[in-house]
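Notes for the structure review
So you can see what is in the structure, the chains are spelled out below.
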Amino acid sequence: MTQSGIDRQATSPGQDTRSATHSMRLAVLMYAMLLLSYVINAMDRQLYPVVARDVGDALGFTLPQLGLQSTIFTLGMGVAGIPTGILLARATRRSVAMIGLVIFSAATFLTAYATGFWDLLTYRFASGVGEAMQLTALLAIASAYFVRHRALAVGAINFTFGIGALIGPNLGAALRELADWRLPLVVFGTAGFVILVLVLATVRPWLTEAKGVTEDGGPVLEDSGADSLLRRNPILLAGATVFAGLAIYAYLGLYPTYLRDELGYSPSAAGLALSMYGLGALFSLFGGWMGDRFDFRKLLATAMVISAVVGYILFSGMENRLAHLVLSFVFGAAISGVVYANLAAGIIKSLKRRLAGQGSGLFVASLYIPAAFAGYLLGAMADWIGWTGGALVQISLFSVIAAVLTLSVTRPAPVTGKA
């Protein structure tokens, strides 16, 4: 038999298929380990609102100050978003993600030892910088490797956020009741370093540093997305992300405080209600799947309108606790399970693939810079026009604006290549 015949036998279609399947399984397993590290990110994010009232009582903060501290980490995320997108062109994605994990875990740990407004604000801001580095890197990894299912891969990131958001408030409240508000911060901060070791031991560069491949390992041809962040579709989607972020983090930043101050909930009951948002975020896999198969603009607009209605009801003074649990779940499913996943994937898909890192950075910056002030804004409006009036403006009206901006996006051209 000739050498060429041997080569053909060695690379038969059946063997290629089995090899591709094996590689994809390994990729999914390693991606799952990266997503586990993001669970810790979500737990850290969702913990502080549960203990915010205790921190305020211990250190003497006003309601607007509590709101600012609850959401200031998003300013760190937003400020770090674009620079991290640029950094991804110069450093490995895995290293950027892991440096981010170290930063936000250390900041969470140090928050337990804050003594006043400014050092606490610094730790909260730093935690956001680390979270942005991790998230931006994960978005780039998902977009570069899982090319055919970008929205689904991004949805998986938010799915794991939902797991962390479900665990974080409940475990945090339980740890707080064992000792005080400092214990859960110490425990959650330490957990990040444990996950760091696991990721470094199991995740390989061929997944994290992929340049864009199809599921059979072939290269992906360039698509017809925008060649700059300053084009119409990326700008409109970034604008929609700004308003969606202000709505999301108004809820996440002060909903537990509203339940405790206005409706008399215990810390555990408020944590349970907030955790239902995390349960709703588990809808992200389905929300991402729908975004890959249907017109994501109409899907986003529908989800934003649902968020507007439900968000208003949650802050309307309704006292039924079961209704709060159910509606928090619906709000999480709509605004986190559908809106978050498809805005992130939509911005990335609106750009050429070589700009995936910058696209993920644009999404992070657009979402989290304005969101840094979401808690302060809602807290100030609650003092001025009441909780219900504030929610009507910041959750309902802003969600509707985001829906209008999304519907203004032009339908993307079909993607070329095998992806």
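To keep things clear, this report deals only with the structure shown in the data block. In this text the structure is predicted, and so the values were computed from the model without any measurement.

Grouped together as the largest cluster of nonpolar side chains are 133 residues, with contacts concentrated most on Tyr31, Tyr251 and Phe315. When residues in this core are grouped by element, the largest group, 17 residues, is from helix H2 (residues 13-59). Each residue touching Phe315, except ones within four places of it in the same chain, is listed here: Tyr251, Tyr255, Tyr258, Leu378, Trp387, Thr388, Ala391 and Ile395.

On the surface, Val305, Val309, Tyr312, Ile313 and Leu392 cluster together to form a nonpolar patch covering roughly 400 Å² of accessible area. It is helix H13 (residues 296-314) that contributes the most residues to the nonpolar patch, four residues altogether. Mapped onto the elements of the fold, Tyr312 is located in helix H13. The class of Tyr312 is partly exposed, set by a relative accessible area of 33%.

Looking at the secondary structure, you find Glu131 in helix H6 (residues 117-145). Apart from the residues lying within four places of it in its own chain, the contact partners of Glu131 are Asn41, Asp44, Arg45, Phe73, Met77, Gly100 and Phe104.

This part takes up the packing of aromatic side chains. According to the stated counting rule, one finds 18 aromatic pairs in the structure shown. Each ring, one from Tyr340 and one from Phe363, has its centre 5.2 Å from the other, and the planes form 85°; the classification is edge-to-face. Here Tyr340, found in helix H14 (residues 321-349), pairs with Phe363, found in helix H15 (residues 356-371); they are 23 residues apart in sequence, far enough to count as distant. A relative accessible area of 7% places Tyr340 in the buried class. Look at Phe363 and you get buried, because its relative accessible area is 1%. Taken together, the ring pairs connect Tyr251, Tyr255, Tyr258, Tyr277, Phe315, Phe331 and Trp387 into an aromatic cluster. Here the basic side chain of Arg321 rests over the ring of Tyr265, its NZ or CZ set 4.1 Å away from the ring centre.

Right, let's get into the side chain of Ser105. Mapped onto the elements of the fold, Ser105 is located in helix H5 (residues 93-111). For Ser105, a relative accessible area of 0% corresponds to the buried category. Setting aside its immediate chain neighbours within four residues, Ser105 contacts Asp44, Gly189, Gly192 and Phe193.

Moving on, we get to the environment of Leu259. Mapped onto the elements of the fold, Leu259 is located in helix H10 (residues 232-262). Under the relative-accessibility criterion, Leu259 is labelled buried at 0%. Taking the C-alpha atoms as reference points, Leu259 and Ala273, 14 residues apart in sequence, are found 8.8 Å from one another. Setting aside its immediate chain neighbours within four residues, Leu259 contacts Gly264, Tyr265, Ala270, Ala273 and His324.

Cut-off values and rules
Residues numbered from 1 in each chain as written. Predicted model: local features only at pLDDT ≥ 70, side-chain atom pairs only at ≥ 80, totals over all residues. Heavy atoms only, no water. Core = buried A, V, L, I, M, F, W, Y, C linked by side-chain atoms within 4.5 Å. Buried < 20%, exposed > 50% of the residue type's maximum accessible area, 1.4 Å probe, protein only. Helix = DSSP H or I, 4+ residues; strand = E, 2+ residues; numbered from the N terminus. Contact = heavy atoms within 4.5 Å. Patch = residues over 30% accessible without salt bridge, like charges linked within 9 Å, V, L, I, M, F, W, Y side chains within 5 Å. Areas by Shrake-Rupley, 256 points an atom, 1.4 Å probe, with all protein chains shown as cover. Salt bridge = Lys/Arg side-chain N within 4 Å of Asp/Glu carboxyl O. Phe/Tyr/Trp six-rings, centres within 6.5 Å; stacked < 30°, edge-to-face > 60°. Lys NZ or Arg CZ within 6 Å of the ring centre and 35° of its normal.

Note that all results are geometric; they support no functional claim without further evidence.
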